[in-house]
Amino acid sequence: MSKKKNYYNQQVVSIGTLALVFVVSTIFYFIDTNFNGGNEPPESHIIYNNESNISESNVDIKKYNTDGLSEIQDLHDSLKADLNISNELNLSIVQKLDNDFNESNKSQYINIAIREEDDIKDKNNYKYGNIKDPKLVIIIDDIAFQYQIDMFKKLNLSITLSMFPADGNHPSTPKYAQKESVKMVHLPMEAVKFSDEEEDTLHVSDSNLQIAERVAEIVKQFPNLKYINNHTGSKFTSDKRAMQVLLSNLKKYNIQFVDSVTSARTVVRKVSSELGLRYIKRDVFIDNELDVSYSVRQLKIAIELARKNGFAVAIGHPHKTTYQAISKIKPLLNGVKIVYINEI
């Protein structure tokens, strides 16, 4: 009788183990097929904040922990939207992805870039424009000198200039900002990997007091400041404690944070929701590549996003190629209006 009972118990355990393996395998298969689409995604994000490539973050999807499939889908959509990015350390991966986009598929790229669920699911934290009157916000980051301002002013467009805080390298930005109707600061924040930090960059290791004092200093430099976005910041914007402290302090001064989305792991949306704040994010980087044709294509994507969702936010940098691309935008707008960040 004891042998039969032991045999029965062993059979139950075996069946239970097989069932558990099947369930786990099914879950991982679902995640893999929905997340990767059968292809290995790019492992890193690249942006061009200066004339050289800047490795903004390592996004290894296999190591990315999520609480559910919605977070996985958000990351997947974010990576697909920036599929044009490249990394000198991962050229073979990016080249493979690029080759997959043959001529017959390139016309579908705009549809891939329009992250419908990501952009329409959270109406409480995202203020939407009138679809009949779509708006495009163009932010130019890294503004530090007068010649950069003069270059984009020549376009006679409502372009939002995001200026570095004053420091030893660019001490006059508060003076430049006085002439701007919409004041925006490009706040240096810690990146996962970046070898050329600005002075007084915020770090995740900074204390609550240090972050609060930094915000107070910037507010003093820029009276009536209403908008801040992150310079680099892939590590800082992915740290919940750091972003809670920063956004709580910005809230005291009624300053809106604009997430540049330099990392797919950004927690800015989640923390903004918890603090009852509006969430605004970058939709398109204009100049991941310093090429006029590329930047024009990126602007076209931004225009389509604005037309579909009511508005879109595109971020570029003070490069000659970016200026040249934006100078060609008017015939492409087709009813989409370029507005300052405070008009969305």
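Residues numbered from 1 in each chain as written. Predicted model: local features only at pLDDT ≥ 70, side-chain atom pairs only at ≥ 80, totals over all residues. Heavy atoms only, no water.

### Topic: the confidence of the model for the protein chain
Caution is warranted with low-pLDDT regions, since their predicted coordinates should not be read in detail. Formally: Within a predicted model, pLDDT stands for the predictor's per-residue confidence, ranging from 0 to 100. A contact between two residues is defined here by any heavy atoms of the two lying within 4.5 Å.
Of the residues in the protein chain, 62% have a pLDDT of 70 or more, and the chain-wide mean is 76. Confidence drops under pLDDT 50 across residues 26–129; counting only partners more than four residues distant or on other chains, this segment forms 177 contacts.

### With respect to the nonpolar core
Convention followed: Take the buried residues of types Ala, Val, Leu, Ile, Met, Phe, Trp, Tyr and Cys, join any two whose side-chain atoms come within 4.5 Å, and each joined set is a nonpolar core. Each residue's exposure class comes from its accessible area (1.4 Å probe, protein chains only) as a fraction of the maximum for that residue type: buried when under 20%, exposed when over 50%, partly exposed otherwise. The way it works is that DSSP assigns letters per residue, a run of H or I at least four long becomes a helix, a run of E at least two long becomes a strand, and they are numbered from the N terminus.
Residues Ile-138, Met-243, Leu-246, Ile-326 and Ile-329 are the most contacted members of the largest nonpolar core, which totals 57 residues. With seven residues, the top contributor of residues to this core is helix α12 (residues 292–309). Setting aside residues up to four positions removed in sequence, Ile-326 forms contacts with Ile-138, Ile-140, Phe-152, Leu-155, Leu-157, Ile-159 and Leu-299. The next biggest cluster of nonpolar side chains, apart from the first, holds 14 residues, and it includes Ile-139, Val-258, Phe-285 and Val-339.

### Side note on the pattern of salt bridges
Going by this rule: By definition here, a salt bridge exists when the distance from a side-chain nitrogen of Lys or Arg to a carboxyl oxygen of Asp or Glu is within 4 Å.
Counted under the stated rule, the structure contains seven salt bridges. Note that Glu-217 is salt-bridged to Arg-214, the shortest N-O span being 3.3 Å. On the criterion of helical spacing, the pair formed by Glu-217 and Arg-214 is a turn pair, its members being three residues apart in helix α9 (residues 208–221). Its salt-bridge partner being Asp-283, residue Lys-281 comes within 2.9 Å of it at the nearest N-O pair. Given the relative accessible area of 3%, Lys-281 is considered buried.

### Quick notes on the packing of aromatic side chains
As a reminder of what qualifies: When the centres of two rings from Phe, Tyr and Trp lie within 6.5 Å, Trp using its six-membered ring, the rings pair. Their planes under 30 degrees apart give stacked, over 60 give edge-to-face, and anything left gives tilted. Two conditions define a charge located above a ring, namely a distance within 6 Å from the ring centre to NZ of Lys or CZ of Arg, and an angle within 35 degrees of the ring normal.
Here the structure, examined in full by the defined rule, presents two aromatic pairs. Taken together, a centroid distance of 6.2 Å and an interplanar angle of 10° make the contact between Phe-145 and Tyr-147 stacked. Residue class for Phe-145 comes out partly exposed when judged on its relative accessible area of 36%. On the basis of relative accessibility, which here comes to 55%, the residue Tyr-147 falls in the exposed class. With a centroid separation of 6.2 Å and an interplanar angle of 80°, the aromatic rings of Phe-152 and Tyr-323 are classed as edge-to-face. A residue pair is termed long-range when its members are at least 10 positions apart, and Phe-152 in helix α7 (residues 146–153) and Tyr-323 in helix α13 (residues 320–327) qualify at 171 residues. On the accessibility criterion, Phe-152 (2% relative accessible area) is buried. Taking NZ or CZ as reference, Arg-282 lies 4.1 Å from the ring centre of Phe-285, over its face.

### Description of unusual backbone geometry
One non-glycine residue, Val-261, lies in the positive phi region at around 55°. In this fold, Val-261 is placed in the loop between β7 (256–259) and α11 (268–274). Residue Val-261 is classed as buried on the basis of its relative accessible area, which comes to 5%. Of note in this structure, Asn-334 is not a glycine but carries a positive phi near 50°. Topologically, Asn-334 is positioned in the loop between α13 and β11 (337–339). Judged by its relative accessible area of 62%, Asn-334 falls in the exposed class.

### Quick word on α9
To keep things clear, this is the line we draw: Every helix has an expected span of 1.5 Å times one less than the residues it contains. By definition, the arc is the one covered by directions from the helix axis to the C-beta atoms.
If you check α9, its first and last C-alpha atoms are 20 Å apart, about what 14 residues at 1.5 Å a residue would give, namely 20 Å. Of all the positions in α9, only Ile-211, Arg-214, Val-215, Ile-218 and Gln-221 are classed as buried. Taken down its axis, α9 places every buried residue within 125° of arc, on the same side. The exposed residues of α9 that point more than 90 degrees off its buried face are Leu-209 and Lys-220. Next to the buried residues of α9 lie α8 (173–177), β5 (184–189) and α10 (240–252).

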